[in-house]
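# Structural features, examined
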Amino acid sequence: MFLNPGLFLGFMITDYMEQAEDFRDNYESKVAEAVNFIQMKFGFDEPEFGIVLGSGLGGLADAIENQQVVDYAEIPNFPRTGVEGHKGRLIKGTLEGVSVIALQGRKHYYEVADEPFNNGMLKVVFPVHVLANLGVKNYFATHAAGGLNPNYKPGDIMIIESHINFLPNPLMGRKHNFFKVGTEDFTERFQPMNNAYDPFLSDLLWTAAIDYQKYVHRGTLLSVVGPSYETEAECIAFRDGLHADVVGMSVTPEVIVARNRGMNCVGMSLITNTVTADGVNTANHEEVMKVLNSADVKLRLETIVSDFFALYRESHQQPL
Ligand code: HPA
């Protein structure tokens, strides 16, 4: 018996659309399934921090002690990562005595923007919901970015003080039935975004970076959809019109959801390329990866992140 190929394709499309609809309509349960799996595997304690290790920053995971590791591919419904420099592993452990869950690699919106409904964005922020459901109260985002501010150089770090979000807002669409972390209060529909980057945590990161001051800045991140880099006119508009200091392709939707779930956020951009005075951004993926793979940059980042967690532990008087 032969199956009509047109009919077969029709079944496949129907199946794909049904799965997509199921993901959209049962999003809270999809998150809960992932969380149950992680809790069964790693236990029910609530880590203090979730830290997302962006492109090429996955090496920071080496500093984590008492590691328990699971591949994203093993966790039900968890989005896998497809970009070079993104490993796709969830690591539970401690950094300077602070309990953390590190996410080694993230899904970018440009990878999933062609999914049906709003599922691409729901996938981008899925790990943030998983962290919140696990009871994680603090969200630390790291990522690679282009430097717009003329004082920034490749290899520098910017502590994110505020952001301009040019990606779709992840809170659009059906209002999900999620609680704010550690409470039984439902999340807000209209999420305030003042102090989105927690001043206390940001100051702690600044203090942690004190020995590297000439490489460290504080400023504004503007996030675009990508994956193309920016034209001259865009760079000039972002820098001179909107006063953004760096431009990237992630973080902002994650922070919107993290704030919505009641988490405190802190963010760090690693400058991989810079824009000239007349707005030229010659960035390409190879150049970006070269900075990310530089031993000096890796050591500096690792030291700053470790010192941040040591300071956090001291400020919260957690016994080792
Ligand atoms: N633009 C956008 N995202 C980036 C860049 C850039 O120049 N560099 C690294 N991520």
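Everything discussed here concerns the structure shown above.
Now for a description of the structure that goes with this document. What you are looking at is a predicted structure, and each value in this text was computed from that prediction instead of being measured.

### Focus: the overall build of the protein
Each helix and strand counted, the protein has 10 helices and nine strands in total. For 320 residues, the compact-globule estimate of 2.2 N^0.38 gives 20 Å, and the protein sits close to it at 20 Å. When the backbone C-alpha atoms are referred to their principal axes, the protein occupies close to 70 × 50 × 40 Å. Here the protein holds 320 residues, and 51% of them are scored as buried.

### Brief notes about empty space enclosed by the protein
In total, this model carries four cavities of 30 Å³ or more according to the counting rule given. The volume enclosed by the largest cavity comes to roughly 130 Å³. Around the largest cavity, the lining comprises 13 residues; the ones closest to its centre are Leu-171, Lys-175, His-176, Thr-187 and Asn-260. Along the lines of polarity and charge, the residues of the lining of the largest cavity split into five nonpolar, four polar and four charged. Taken as a whole, the second largest cavity spans an internal volume of roughly 60 Å³. Forming the boundary of the second largest cavity are Val-52, Tyr-72, Leu-103, Gly-105, Arg-106, Val-124, Pro-127, Val-128, Tyr-139 and Glu-254. Considering only residue class, the lining of the second largest cavity consists of seven nonpolar, one polar and two charged.

### Focus: the environment of Gly-93
Here Gly-93 is to be found in strand β3 (residues 89-95). Once the C-alpha coordinates of Gly-93 and Met-172 are considered, the two residues, 79 residues apart in sequence, prove to be 34 Å apart. The contacts of Gly-93, once residues within four sequence positions are left out, are Ile-64, Glu-65, Asn-66, Val-98, Ser-99 and Val-100.

### A short note on the site of the ligand
Every residue lining the ligand is accounted for by Ala-144, Ala-145, Gly-146, Tyr-229, Glu-230, Val-247, Gly-248, Met-249, Thr-272, Asn-273 and Asn-281. Separating a nitrogen atom of the ligand from a side-chain N or O atom of Glu-230 is a distance of 2.9 Å. Between the ligand and Asn-281, the relevant distance is 2.9 Å, taken from an oxygen atom to a side-chain nitrogen or oxygen of the residue. In isolation the ligand offers 260 Å² of accessible surface; the protein chains occlude 95% of this area. Breaking the shell around the ligand down by element, the ones donating at least two residues are β5 (138-147), β8 (246-248) and β9 (264-274). Looking at which element gives the most residues to the shell around the ligand, the answer is β5, with three residues. Classifying every residue of the shell around the ligand by side-chain character gives five nonpolar, five polar and one charged.

### Structural notes on the side chain of Lys-92
Assignment of secondary structure puts Lys-92 in strand β3. Taking the relative accessible area as the measure of exposure, Lys-92 reaches 9% and is therefore buried. At a separation of 2.7 Å, a polar atom in the side chain of Lys-92 contacts the side chain of Asp-45. Residues within four places of Lys-92 in sequence aside, it is in contact with Phe-42, Asp-45, Pro-47, Asn-66, Gln-67, Gln-68, Val-100 and Ile-101.

### So, the nonpolar core
Tyr-27, Leu-90, Leu-103, Phe-126, Val-130, Tyr-139 and Met-263 are the most contacted members of the largest nonpolar core, which has 50 residues in total. Considering every element that reaches this core, the biggest residue donor is helix α2 (residues 27-42), with six residues. When sequence neighbours within four positions are dropped, the list of residues in contact with Tyr-27 reads Asp-22, Leu-122, Val-125, Phe-126, His-129, Arg-174, His-176 and Phe-178.

### As for the environment of Phe-309
Within the secondary structure, Phe-309 is located in helix α10 (residues 295-315). In this structure the C-alpha to C-alpha distance between Phe-309 and Val-128, which are 181 residues apart in sequence, comes to 20 Å. Not counting residues up to four positions away in its chain, the partners in contact with Phe-309 are Phe-49, Ile-51, Leu-95, Glu-96, Val-98, Val-100 and Phe-140.

### Remarks on the pairing of β9
β9 sits mainly inside the fold: nine of its 11 residues count as buried. Where β5 lies against β9, 10 bridges are found, and the strand directions are parallel. Within the sheet, the bridge partner assigned to Tyr-139 lies in β9 and is Cys-265. By the bridge criterion, three bridges tie strand β6 (residues 157-165) to β9 in an arrangement that is antiparallel. Of the residues in β9, the one forming a bridge with Ile-157 is Leu-270.

### Digging into the side chain of Asp-198
Within the element layout of this structure, Asp-198 appears in the loop between β6 and α6 (199-208). Look at Asp-198: it is buried, it has no salt bridge, and the nearest opposite charge is Arg-259 at 6.2 Å. A distance of 3.2 Å separates a polar side-chain atom of Asp-198 from the backbone nitrogen of Phe-200. Only 3.0 Å separates the side chain of Asp-198 from the backbone nitrogen of Leu-201, close enough to count as a polar contact. Sequence-distant contacts of Asp-198, defined by excluding residues within four places in its chain, comprise Asn-264 and Cys-265.

Criteria and cut-off values
- Residues numbered from 1 in each chain as written.
- Predicted model: local features only at pLDDT ≥ 70, side-chain atom pairs only at ≥ 80, totals over all residues.
- Heavy atoms only, no water.
- Helix = DSSP H or I, 4+ residues; strand = E, 2+ residues; numbered from the N terminus.
- Rg over C-alpha atoms; globule rule 2.2 N^0.38 Å.
- Buried < 20%, exposed > 50% of the residue type's maximum accessible area, 1.4 Å probe, protein only.
- 1 Å grid on protein atoms, 1.4 Å probe; cavity = no way out; pocket = protein on both sides within 12 Å on 5 of 7 lines; lining within 4 Å.
- Points joined across faces, edges and corners; volume = space filled by probe spheres on them.
- Nonpolar A, V, L, I, M, F, W, Y, C, P; charged D, E, K, R; others polar.
- Contact = heavy atoms within 4.5 Å.
- Near = heavy atom within 4 Å.
- Polar contact = N/O pair within 3.5 Å; in protein donor to acceptor, adjacent residues only side chain to side chain.
- Areas by Shrake-Rupley, 256 points an atom, 1.4 Å probe, with all protein chains shown as cover.
- Core = buried A, V, L, I, M, F, W, Y, C linked by side-chain atoms within 4.5 Å.
- Pairing = 2+ DSSP bridges.
- Lys, Arg positive; Asp, Glu negative; His and termini not counted.
- Salt bridge = Lys/Arg side-chain N within 4 Å of Asp/Glu carboxyl O.

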